[in-house]
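Coordinates in review
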Amino acid sequence: MLGVPFYNQSIKQAVAVFGSLFNNIVIKRRDGKLLPVPIAYGPRSKWLEAQKGLQREEEMFEKLLPRFSYELVSMTYDGQRKLNNAQKFTGIHTTGKNIVQAVKAPVPYDLDFSLYLQTKNLNDGWQIIEQIL
């Protein structure tokens, strides 16, 4: 790699923004109790493995559902949104000195996410899906 290494946290921010889209979902049970639906980053298989260790009669099992999980599945290059290679963006460095930085055109990528939902009963799932749609 040539030059100074950098890390802009672009992918990390995109993952956090996707998760924040679903973090204010609340369901209402028949007894009038409002229950927030937690969301966590991680693959569905990890959640299923953790669930296998709990007995259905345990009180903790009831508190775990409903639950969201999501994961970044793929990153694909999008050639249709590509800008001209000769295009450059310039700006003054943030240190306050008179240093001008030039950055070439950004490369467009599509980030594909999978969102998983697990509920104990259908009524909870329908309420969640209505809030998303």
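Look above for the structure.
The rules behind the values
Residues numbered from 1 in each chain as written. Predicted model: local features only at pLDDT ≥ 70, side-chain atom pairs only at ≥ 80, totals over all residues. Heavy atoms only, no water. Core = buried A, V, L, I, M, F, W, Y, C linked by side-chain atoms within 4.5 Å. Buried < 20%, exposed > 50% of the residue type's maximum accessible area, 1.4 Å probe, protein only. Helix = DSSP H or I, 4+ residues; strand = E, 2+ residues; numbered from the N terminus. Contact = heavy atoms within 4.5 Å. Salt bridge = Lys/Arg side-chain N within 4 Å of Asp/Glu carboxyl O. 1 Å grid on protein atoms, 1.4 Å probe; cavity = no way out; pocket = protein on both sides within 12 Å on 5 of 7 lines; lining within 4 Å. Points joined across faces, edges and corners; volume = space filled by probe spheres on them. Nonpolar A, V, L, I, M, F, W, Y, C, P; charged D, E, K, R; others polar.

**A closer look at the nonpolar core**
Burial of nonpolar side chains together is a common tendency in soluble globular proteins. In this structure, Val15, Phe18, Phe22, Ile25, Ile27, Val37, Phe68, Tyr70 and Ile128 together form the largest nonpolar core, which totals nine residues. Among the elements of the structure, α1 (10–20) and β4 (67–77) are those that each provide at least two residues to this core. Those residues in contact with Phe18 that lie beyond four places of it in its chain are Tyr70, Phe113 and Leu115.

**Side note on the pattern of salt bridges**
Across all of its chains, the model carries three salt bridges by this definition. Arg29 is the salt-bridge partner of Asp124, the closest N and O atoms lying 2.9 Å from each other. With Asp124 in helix α4 (residues 122–132) and Arg29 in the loop between β1 (26–28) and β2 (34–36), this residue pair connects regions lying 95 residues apart in the sequence. By relative accessible area, Asp124 is classed as buried at 2%. Measuring nitrogen to oxygen at the nearest pair gives 2.8 Å for the salt bridge that ties Asp110 to Arg81. Here the residue Asp110 occupies a position in strand β7 (residues 109–118), and Arg81 occupies one in the loop between β4 and β5 (88–92), the gap between them amounting to 29 residues. By relative accessible area, Arg81 is classed as partly exposed at 44%. Through salt bridges that share partners, Asp78, Arg81 and Asp110 make up one connected network.

**Remarks on the layout of surface pockets**
Counted as a void, the largest pocket has a volume near 350 Å³. In terms of lining, the largest pocket is formed by Phe6, Tyr7, Asn8, Gln9, Ser10, Ile11, Lys12, Val103, Lys104 and Pro106. Elements represented by at least two residues in the lining of the largest pocket include exactly α1 and β6 (100–104). Here the element with the most residues in the lining of the largest pocket is α1; it accounts for three residues. Partitioned by chemical class, the residues of the lining of the largest pocket number five nonpolar, three polar and two charged.

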